[in-house]
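Each chain, letter by letter, is given below.
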Amino acid sequence: MSHRIPLQDITPPPDKGSNSVELYAAREKIHTRAFKGLFRNLRMAGGALLFLIYFGTVWLDWNGRQAVWWNLPERKFYIFGSTFWPQDFILLSGILIVAAFGLFFITVYAGRVWCGYTCPQSVWTWIFMWCEKVTEGDRNQRIRLDKAPLSANKLLRKGAKHSLWLLIGIATGLTFVGYFAPIRELCIELLTGQADGWAYFWVAFFTLATYGNAGWLREQVCIHMCPYSRFQSVMFDKDTLIVSYDPRRGEQRGPRRKQADHKAEGLGDCIDCTLCVQVCPTGIDIRDGLQIECIGCAACIDACDNVMDKMNYPRGLISYTTEHNLSGQVTQTLRPRLIGYAVVLLVMIGALVSAFLLRPLVGFDVSKDRMLYRENAQGRIENVYSLKILNKDQKPHSYLLQASGLPDLRLQGQQEIRVPAGESLSLAVELSSAPEQMPSSTNEVTFTLQDIDDNSSRIEAKSRFIGPQIR
Ligand code: SF4
Ligand code: SF4
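Residues numbered from 1 in each chain as written. Chains lettered and ligands numbered in written order. Predicted model: local features only at pLDDT ≥ 70, side-chain atom pairs only at ≥ 80, totals over all residues. Heavy atoms only, no water.

Engineer: Just checking my understanding: could you explain the pattern of salt bridges for this structure?
Structural biologist: If charged atoms from side chains of opposite charge come close, those side chains can pair. This structure, assessed with the given rule, holds 25 salt bridges. Of the charged contacts in the structure, one is a salt bridge between Asp-146 and Lys-29, with a shortest N-O distance of 3.0 Å. In this pair, Asp-146 is assigned in helix 5 (residues 139-147) and Lys-29 in the segment before helix 1 (38-57), connecting sequence segments 117 residues apart. Judged by relative accessible area, Asp-146 falls into the partly exposed class, the value being 26%. Here Lys-29 falls in the partly exposed class, since its relative accessible area comes to 42%. A salt bridge links Glu-323 to Lys-238, with the shortest nitrogen-to-oxygen separation between them at 3.7 Å. Of the two residues, Glu-323 is situated in helix 14 (residues 323-326) and Lys-238 in the loop between helix 10 (227-231) and strand 6 (242-245); the sequence distance between them amounts to 85 residues. Salt bridges linked by common partners bring Lys-29, Glu-132, Glu-136, Asp-146, Lys-158, Lys-161 and Arg-218 together as one network. (Salt bridge = Lys/Arg side-chain N within 4 Å of Asp/Glu carboxyl O. Helix = DSSP H or I, 4+ residues; strand = E, 2+ residues; numbered from the N terminus. Buried < 20%, exposed > 50% of the residue type's maximum accessible area, 1.4 Å probe, protein only.)

Written as structure tokens, this is what we have:
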């Protein structure tokens, strides 16, 4: 017996097109209200520290050169006392993997604190909002200004705001490019018109990216563009810290007189002032429940706590809590998933630190010349090699070069080699052997580089020594 699901055609008739639902909603500009509070102070302190690190580090010198510098043309990366070469990029990949895993760990424990407090998009957006407040006034003044017809006052205020935004954008772009080209020279070259065209391009690019992202796009980046906001919800569990409104305490919401016994009137603690909505940088109402737009910035907590103080109600109607707390259960902080993340994170950090500390401070590459071999005037077989020696240390080193692998092997060319700090040196050397001392036409040889100042530092590289066919 077959079962059929009854279907009903709900397509609007063509002549009633005006009844169709508009699926596109234009973005409504968010005018956030200024507020004070503990979490705002924490965020400002964290943001100030990040600003200081970002803008300050690029001006620091270390051993006579910029402390942090991606020297792309020479493919060297300086971080304070350490020089990283392309061969070391596995370590940098390791740092990125550890950072990503650290972010997972923090997300499982504390939700979106990264987004609300330390994400550059948020930090720069808060700064741009501050510029907006300084130039255009508080929330109500800004709403009025936006609705007002064009006037000298409006032009002046908008012009001042955009100029400030652009100035911060230029500083951000210049600093970013300064991590790739020494910033002191870069500033002079840009100002005197002697910089490379690409330098102008990248400074302009990052200036406009900052101006556009923090000035215009703002929450749209978090809601629609950021991949992290999309996948982090799968990392949440019922014990993850979230910003949440307590409906059991807040409802029935509604206005009341301050002195009134609101419980007797059947009201909860929410006075429906909507301040929590007005301060929200993503424009949501946290009282509707946890939403993907919430970046966990706690602005609504600060705003609501201020209201609770004024009403003489206990703080925490909106708070950092967990789903278990909200449903009256106990939050389990040390849960297997979090412990697992912590253990893996610690192991990865340990492995990374060991790899960093144990990495050889000398790199050594040997490549054989394309010419197979030649016979010299004494009848000896000669092979030519190109050697590349990297001194990754911050001081110069002298090395003794030796070769072994055949009983009569002789090394011709420079044997004591000095390489300046953080530099690489390329040189050509010859090996020769009497043909009768060669057991085969292709023989393995070993080049050894011994640090003259440090007996324990020694590195080897293998190659081949080729001669005529042995009959
Ligand atoms: S700020 Fe607090 S009291 Fe005011 S509407 Fe939001 S939750 Fe209710
Ligand atoms: S709901 Fe609260 S915590 Fe979430 S983004 Fe808005 S203000 Fe920040």
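Engineer: Would you take a moment to explain the site of ligand 1 for this structure?
Structural biologist: Around ligand 1 sit Tyr-245, Cys-270, Ile-271, Asp-272, Cys-273, Thr-274, Cys-276, Arg-287, Cys-304, Met-308, Leu-317 and Ile-318, and those are all the residues in its vicinity. Looking at the shell around ligand 1, its residues break down into nine nonpolar, one polar and two charged. (Near = heavy atom within 4 Å. Nonpolar A, V, L, I, M, F, W, Y, C, P; charged D, E, K, R; others polar.)

Engineer: Sorry if this is basic, but what is going on with the nonpolar core here?
Structural biologist: Within soluble globular proteins, side chains that are nonpolar generally end up buried alongside one another. Within the largest apolar cluster, 45 residues are counted, with the highest numbers of intra-cluster contacts made by Trp-124, Trp-126, Phe-128, Leu-174, Leu-186, Leu-190 and Ala-299. Those elements that place two or more of their residues in this core are helix 1, helix 2 (89-110), helix 4 (120-136), helix 6 (152-178), helix 7 (183-192), helix 8 (197-217), helix 13 (299-311) and helix 15 (336-358). When residues of this core are assigned to their parent elements, the largest contribution, six residues, is made by helix 4. In this structure Leu-190 touches Leu-174, Ala-195, Ala-199, Tyr-200 and Val-203, once residues within four positions along its chain are discounted. (Core = buried A, V, L, I, M, F, W, Y, C linked by side-chain atoms within 4.5 Å. Contact = heavy atoms within 4.5 Å.)

Engineer: Would you mind going over the packing of helix 7 against helix 8 with me for this structure?
Structural biologist: For any two helices packed against each other, the geometry is given by the interaxial angle and the distance between the axes. Across the interface, helix 7 lies against helix 8 with an axial gap of 11 Å and an inter-helix angle of 100°. What the angle tells us is that helix 7 and helix 8 run roughly perpendicular. Mapping the contact onto sequence places Leu-186, Glu-189 and Leu-190 in helix 7 and Ala-199, Tyr-200 and Val-203 in helix 8. Of the residues in the contact of helix 7 with helix 8, the class split is five nonpolar, no polar and one charged. (Axes fitted to C-alpha atoms, helices over the stretch in contact; angles between N-to-C directions. Parallel < 35°, antiparallel > 145°, perpendicular 65-115°, else oblique.)

Engineer: Sorry, what's going on with the layout of surface pockets here?
Structural biologist: Rolling a probe over the atoms, with the probe sized like a water molecule, indicates the empty space that remains. Considering only enclosed or pocket space, the largest pocket measures out at about 860 Å³ in volume. Around the largest pocket, the lining is made up of 31 residues, and of these Tyr-54, Pro-120, Gln-121, Trp-124 and Phe-176 lie nearest the centre. Here the lining of the largest pocket gets five residues from one element, more than from any other, and that element is helix 8. A breakdown of the residues in the lining of the largest pocket according to their chemical character gives 22 nonpolar, eight polar and one charged. The computed volume of the second largest pocket comes to approximately 600 Å³. Secondary-structure elements contributing two or more residues to the lining of the second largest pocket are helix 1 and helix 4. In terms of residue class, the lining of the second largest pocket is made up of twelve nonpolar, two polar and seven charged. (1 Å grid on protein atoms, 1.4 Å probe; cavity = no way out; pocket = protein on both sides within 12 Å on 5 of 7 lines; lining within 4 Å. Points joined across faces, edges and corners; volume = space filled by probe spheres on them.)

Engineer: Teacher, can you tell me more about the sheet that holds strand 5 (residues 82-84) here?
Structural biologist: The strands that make up a sheet pair up through hydrogen bonds in the backbone, lying either parallel or antiparallel. As summarised here, the arrangement of the three strands in space is 3-4-5, forming an open sheet in which the pairing is antiparallel. On the outer flanks of this sheet lie strand 3 (68-71) and strand 5, each paired with one strand and no other. Looking at each pair of strands side by side, their axes are set apart by 15° on average, direction ignored. The pairing of strand 4 (residues 76-79) with strand 5 spans three bridges and is antiparallel. When the sheet's bridge partners are listed, Phe-77 is paired in strand 5 with Phe-84. (Pairing = 2+ DSSP bridges.)

Engineer: Mind showing me how you'd approach unusual backbone geometry here?
Structural biologist: Among all residues except glycine, the phi angle is most often negative; among peptide bonds, the trans geometry is most common. Here the amide bond leading from Glu-251 into Gln-252 is cis, since omega sits at 0°, within 30 degrees of zero. Among the structural elements, Gln-252 can be located in the loop between helix 11 (247-250) and helix 12 (275-278). Non-glycine residue Asn-63 carries a positive phi angle of around 50°. Its location among the elements puts Asn-63 in the loop between strand 1 (61-62) and strand 2 (65-66). Located in the positive-phi region is Arg-218, a residue other than glycine, with phi close to 45°. One can find Arg-218 in the loop between helix 8 and helix 9 (219-225).

Engineer: Would you mind showing me how to read the site of ligand 2 here?
Structural biologist: Contacts to ligand 2 come from 13 residues, most closely from Cys-280, Cys-294, Cys-297, Ala-298 and Cys-300. The residue inventory of the shell around ligand 2, partitioned by class, reads eleven nonpolar, two polar and no charged.

Engineer: How should I be thinking about the packing of aromatic side chains in this particular structure?
Structural biologist: Note on aromatic pairs: each is described by the distance of the centres and the angle between the planes. In this structure the tally under the stated criterion is 30 aromatic pairs. Ring centres 5.4 Å apart and planes at 35° place the aromatic pair Trp-69 and Tyr-78 in the tilted group. Neither Trp-69 nor Tyr-78 differs from the other in exposure class; each is buried. Ring geometry for Trp-165 against Trp-216: centres 6.4 Å apart, planes inclined by 80°, an arrangement best described as edge-to-face. Placement of the pair is Trp-165 in helix 6 and Trp-216 in helix 8, with a sequence separation of 51 residues. Given a relative accessible area of 2%, Trp-165 falls into the buried group. (Phe/Tyr/Trp six-rings, centres within 6.5 Å; stacked < 30°, edge-to-face > 60°.)

Engineer: Sorry, what's going on with the side chain of Arg-218 here?
Structural biologist: Since its relative accessible area comes to 6%, Arg-218 is described here as buried. When residues no more than four places from it in sequence are discounted, the contact partners of Arg-218 are Arg-27, Gln-121, Thr-125, Phe-128, Met-129, Glu-132, Trp-165 and Asn-213.

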